[in-house]
Amino acid sequence: GINAEYGIEKVLRSCPGVGNIYMLCRGKRGKTPQERMDKLFAEMLFDNVRENFPAQIKKVIPVVGDVLEKGLGLSEEDEKLVTENCHVIIHSAATIRFDDHIKLSLQLNVGGTVKMVEIARKTKNLISFIHISTAYANCNLNNIEERFYEMGPEYDPLKLLELCEWMDEDVMGSMTEPLLRDRPNTYCLTKALTEAYLFQHATDLPLGIFRPSIVGASWKEPAPGWIDNYNGPSGLFVAVGKGVLRILEGDVTKVADVIPIDHCVNMLIVVGWYTSTLPVEDKPLIYHCTSGTKHPFTWFKLGTLLLEFFSQQEPYNEVFRRPAVNFATSKMELAYWKLISHTIPAYLADGAAKVSGSKPVMRRAYDKVHKASETFTFFTKREWTWTSENCDMLWGLLSEVDKKLYNFDVMEIVWEQYYPNFFRGTKKYLLKEDMSEDKLVLAKQRQMRLQKIWNISVTIIVLLVCRFLFMKSPVCRNLWFKLLGLAMRGLRQLRLTLVS
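Since we're looking at a predicted model, the values are computed, not measured. (Residues numbered from 1 in each chain as written. Predicted model: local features only at pLDDT ≥ 70, side-chain atom pairs only at ≥ 80, totals over all residues. Heavy atoms only, no water.)

When you go through the protein residue by residue, the secondary structure sums to 19 helices and twelve strands. In terms of overall dimensions, the protein has C-alpha extents of about 100 × 55 × 50 Å along its principal axes. Counting over 500 residues, the protein shows a buried share of 48%. Summarising the internal contacts of the protein: among those between residues at least 6 apart in sequence, 83% fall at separations of at least 24. (Helix = DSSP H or I, 4+ residues; strand = E, 2+ residues; numbered from the N terminus. Buried < 20%, exposed > 50% of the residue type's maximum accessible area, 1.4 Å probe, protein only. Contact = heavy atoms within 4.5 Å.)

This is the structure we're talking about:
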């Protein structure tokens with residue numbers, strides 16, 4: 001995941017004295033673990049490390065495993081390698097899909113953590129075990145503190161895991177709604193269950209729990225706007241910029257709580273260090289890594305920047321339609337605009353594709369867009385207040401040098417600069433578009449053509465409606481002639497005034 005990739009890069013670059021880093025990665029057909037590492041280190045993220053610290057790359061050792069398998073799927077040799085040499089374990093492996101089946105989410109998020117704790121207990125020189133949770137684990141609350149929230153006796157994480165071993169998927173699926181209650185998805189639920197497991201069964205470890213909010217593109221490092229996945233807002237930005245997504249359900253007055261990946265990982269590293277200094281007997285600390293409470297930025301402001309960027313400043317090279325997006329405040333309004341702005345254009349585009357002999361793809365694309373946007377609705381309609389005493393405490397412990405090296409002060413972020421860089425990053429790093437000036441000029445010309453086509457289309461529709469009303473309604477005809485008469489008299493008066 002992005003936390004692991006960026007975390008490895010940051011540690012290699014900022015900690016020259018670090019020992020080996022053992023990276024758990026799943027086996028993949030046709031590629032050895034080392035080939036996968038080589039591909040990772042060839043990416044832009046590691047340009048700085050390759051150029052300035054090439055020897056550091058050799059410290060990253062791939063360990064083949066799988067959080068779904070017993071003992072993380074580690075071979076006896078690899079388990080010995082990890083348990084005898086590791087001092088710090090950062091557990092970031094999880095499914096972050098909001099719509100995963102409850103069984104898979106439990107097995108990956110809760111079960112994977114149980115297996116990681118088992119390995120941690122075998123690790124001889126462990127000084128810090130950091131679990132990456134989410135700020136939305138307790139999103140059923142409005143005000144969330146940096147503490148553990150009890151879930152009730154019916155939410156026993158180990159008993160729910162036992163059900164996964166023998167219960168049919170359909171039967172487990174029927175349990176989803178009763179278990180979710182006022183949480184929006186299986187991701188948030190299983191993250192809360194994982195925290196429950198850790199506080200019930202892993203407080204004998206040097207444990208820290210890290211809760212980031214929505215992780216977005218980088219603020220400064222390795223470059224402004226760097227991003228490598230479509231999770232969270234990235235996919236929505238691309239869909240809007242391409243002119244595909246035009247309506248979302250949400251409240252524009254609510255805060256968009258996004259945290260840049262470099263701020264997130266910088267704080268994570270500091271949490272790992274600080275946890276190693278605490279006595280194991282102390283209760284595990286929880287750390288919020290959020291922006292909305294301290295430095296809010298609303299969805300309205302974000303949407304305004306988004307449209308300005310993709311409509312006027314730097315459009316995508318290829319688009320479906322001109323970008324436009326609105327937030328619906330009711331289900332009826334959402335359904336209406338989905339029909340007008342999504343469904344009808346999708347059918348028209350697929351019809352044109354069939355006529356031209358091309359493969360129709362837009363209806364299927366809109367099914368995916370609707371599914372993705374629906375999973376995000378819970379977060380665009382609400383906002384939360386997160387306390388940050390532990391976060392502030394960490395910041396106060398850092399020297400001025402370390403504050404620059406591991407900066408996670410959200411007050412320094414200028415959102416009006418951050419988001420345009422984020423949008424640009426989706427063009428450059430996700431879609432890998434040609435960023436030359438010539439391509440930008442062509443993209444802007446295409447946007448102007450689309451705007452003209454829209455203006456002409458609206459004019460034709462208005463004229464057709466007027467024509468229909470004119471033909472069908474005597475009242476409209478009389479009104480039209482009266483307006484026309486007033487206009488003619490006004491022109492005659494203007495002419496007489498000019499002549500005199």
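Our focus in this paragraph is a nonpolar patch on the surface. Judged by side-chain polarity, Tyr336, Trp337, Leu339, Ile340, Ile344 and Leu348 come together as a nonpolar surface patch covering roughly 570 Å² of accessible area. Within the secondary structure, leucine 348 sits in helix H13 (residues 331-355). Judged by its relative accessible area of 61%, leucine 348 falls in the exposed class. (Patch = residues over 30% accessible without salt bridge, like charges linked within 9 Å, V, L, I, M, F, W, Y side chains within 5 Å. Areas by Shrake-Rupley, 256 points an atom, 1.4 Å probe, with all protein chains shown as cover. Salt bridge = Lys/Arg side-chain N within 4 Å of Asp/Glu carboxyl O.)

What follows covers the nonpolar core. Phe210, Met267, Tyr418, Tyr419 and Phe423 are the most contacted members of the largest nonpolar core, which has 88 residues in total. The contact partners of tyrosine 418, leaving out residues within four places of it in the chain, are Gly216, Ala217, Ser218, Trp219, Val258, Pro260 and Ile413. By size, the runner-up hydrophobic cluster in this structure holds 43 residues, among which are Val63, Leu106, Leu108 and Ala202. (Core = buried A, V, L, I, M, F, W, Y, C linked by side-chain atoms within 4.5 Å.)

For the rest of this paragraph, the subject is the packing of aromatic side chains. Inspection of every chain in the model, using the stated rule, returns 34 aromatic pairs. Look at phenylalanine 297 and tyrosine 419: their rings are 5.6 Å apart centre to centre, the planes differ by 25°, and that puts the pair in the stacked class. Of this pair, phenylalanine 297 sits in the loop between strand E10 (285-289) and helix H12 (299-313) while tyrosine 419 sits in helix H17 (residues 415-430), and the two are 122 residues apart along the sequence. There is no split in this pair, since phenylalanine 297 and tyrosine 419 are both buried. Ring centres of tryptophan 395 and phenylalanine 408 lie 5.0 Å apart, and the angle between their planes is 75°; this geometry places the pair in the edge-to-face category. Here the residue tryptophan 395 occupies a position in helix H15 (residues 389-397), and phenylalanine 408 occupies one in the loop between helix H16 (400-405) and H17, the gap between them amounting to 13 residues. The class of tryptophan 395 is buried, set by a relative accessible area of 18%. (Phe/Tyr/Trp six-rings, centres within 6.5 Å; stacked < 30°, edge-to-face > 60°.)

Of the residues making up helix H2 (residues 33-41), those classed as buried are Met37, Leu40 and Phe41. Projected down its long axis, H2 carries its buried residues within an arc of 90°, all on one side. (Arc of directions from axis to C-beta.)

Turning next to a positive patch on the surface. On the surface, a cluster of positive charge is contributed by Arg26, Lys28, Lys31 and Lys39. Summarising the element assignment, arginine 26 is placed in the loop between strand E1 (21-25) and H2. Taking relative accessible area as the criterion, arginine 26 reaches 58% and is therefore assigned exposed. (Lys, Arg positive; Asp, Glu negative; His and termini not counted. Charge placed at Lys NZ, Arg CZ, Asp CG, Glu CD.)

A few words now on the layout of surface pockets. Approximately 660 Å³ is the volume found for the second largest pocket. Around the second largest pocket, the lining comprises 21 residues; the ones closest to its centre are Arg246, Arg321, Arg322, Ser341 and Trp454. Elements with a minimum of two residues in the lining of the second largest pocket: H13 and helix H18 (437-472). A total of seven residues in the lining of the second largest pocket trace back to one element, the largest contributor, which is H13. Tallied by class, the residues present in the lining of the second largest pocket amount to 14 nonpolar, three polar and four charged. (1 Å grid on protein atoms, 1.4 Å probe; cavity = no way out; pocket = protein on both sides within 12 Å on 5 of 7 lines; lining within 4 Å. Points joined across faces, edges and corners; volume = space filled by probe spheres on them. Nonpolar A, V, L, I, M, F, W, Y, C, P; charged D, E, K, R; others polar.)

Looking now at unusual backbone geometry. That bond from glutamate 221 to proline 222 is cis: its omega, 0°, falls within 30 degrees of zero. Here proline 222 shows up in the loop between strand E7 (214-216) and helix H10 (233-241). For lysine 432, which is not glycine, the phi torsion reads 50° and is therefore positive.

For the structure on display, the rule yields 19 salt bridges. Here aspartate 204 ties to arginine 121 by a salt bridge, and the two come within 2.9 Å at their closest N and O atoms. Of this pair, aspartate 204 sits in the loop between helix H9 (186-201) and strand E6 (207-212) while arginine 121 is found in helix H5 (residues 102-122), placing the two residues 83 residues apart along the sequence. A salt bridge links arginine 147 to glutamate 145; the nearest nitrogen and oxygen atoms lie 3.2 Å apart. What makes arginine 147 partly exposed here is its relative accessible area of 40%.

This model, assessed by the stated rule, comprises three cavities of 30 Å³ or more. The calculated volume of the largest cavity comes to roughly 120 Å³. Taken together, Leu236, Phe237, Val240, Leu248, Trp299, Leu302, Gly303, Leu306, Val325, Phe327, Phe376 and Thr380 form the lining of the largest cavity. Counting residues per element, the ones that place at least two in the lining of the largest cavity are H10, H12 and helix H14 (362-380). Broken down by element, the residue count for the lining of the largest cavity peaks at four residues, all from H12. For the lining of the largest cavity, the per-class residue count stands at ten nonpolar, two polar and no charged. By volume, the second largest cavity is sized at about 70 Å³. Every residue along the wall of the second largest cavity is listed here: Leu205, Pro206, Leu207, Thr275, Leu278, Pro279, Val280, Asp282, Lys283, Pro284 and Leu285. In terms of residue class, the lining of the second largest cavity is built from eight nonpolar, one polar and two charged.

Once that is clear, we can look at the side chain of lysine 338. Residue position: lysine 338 is located in helix H13. Side chain to side chain, lysine 338 and glutamate 374 meet in a polar contact 3.2 Å long. (Polar contact = N/O pair within 3.5 Å; in protein donor to acceptor, adjacent residues only side chain to side chain.)

Another aspect to go through is the packing of helix H1 (residues 2-14) against helix H11 (residues 261-277). Two elements in contact, H1 and H11, have axes whose closest approach is 10 Å; the angle formed by their N-to-C orientations is 65°. Judged on the interaxial angle alone, H11 and H1 are roughly perpendicular. The chirality of how H1 crosses H11 is right-handed. Across from Ile2, Asn3, Tyr6, Gly7, Lys10 and Val11 in H1, the residues of H11 making contact are Ile261, Asp262, Cys264, Val265, Asn266 and Ile269. Broken down by class, the residue content of the contact of H1 with H11 amounts to seven nonpolar, three polar and two charged. (Axes fitted to C-alpha atoms, helices over the stretch in contact; angles between N-to-C directions. Parallel < 35°, antiparallel > 145°, perpendicular 65-115°, else oblique. Left-handed = near helix turned anticlockwise from the far one by under 90°.)

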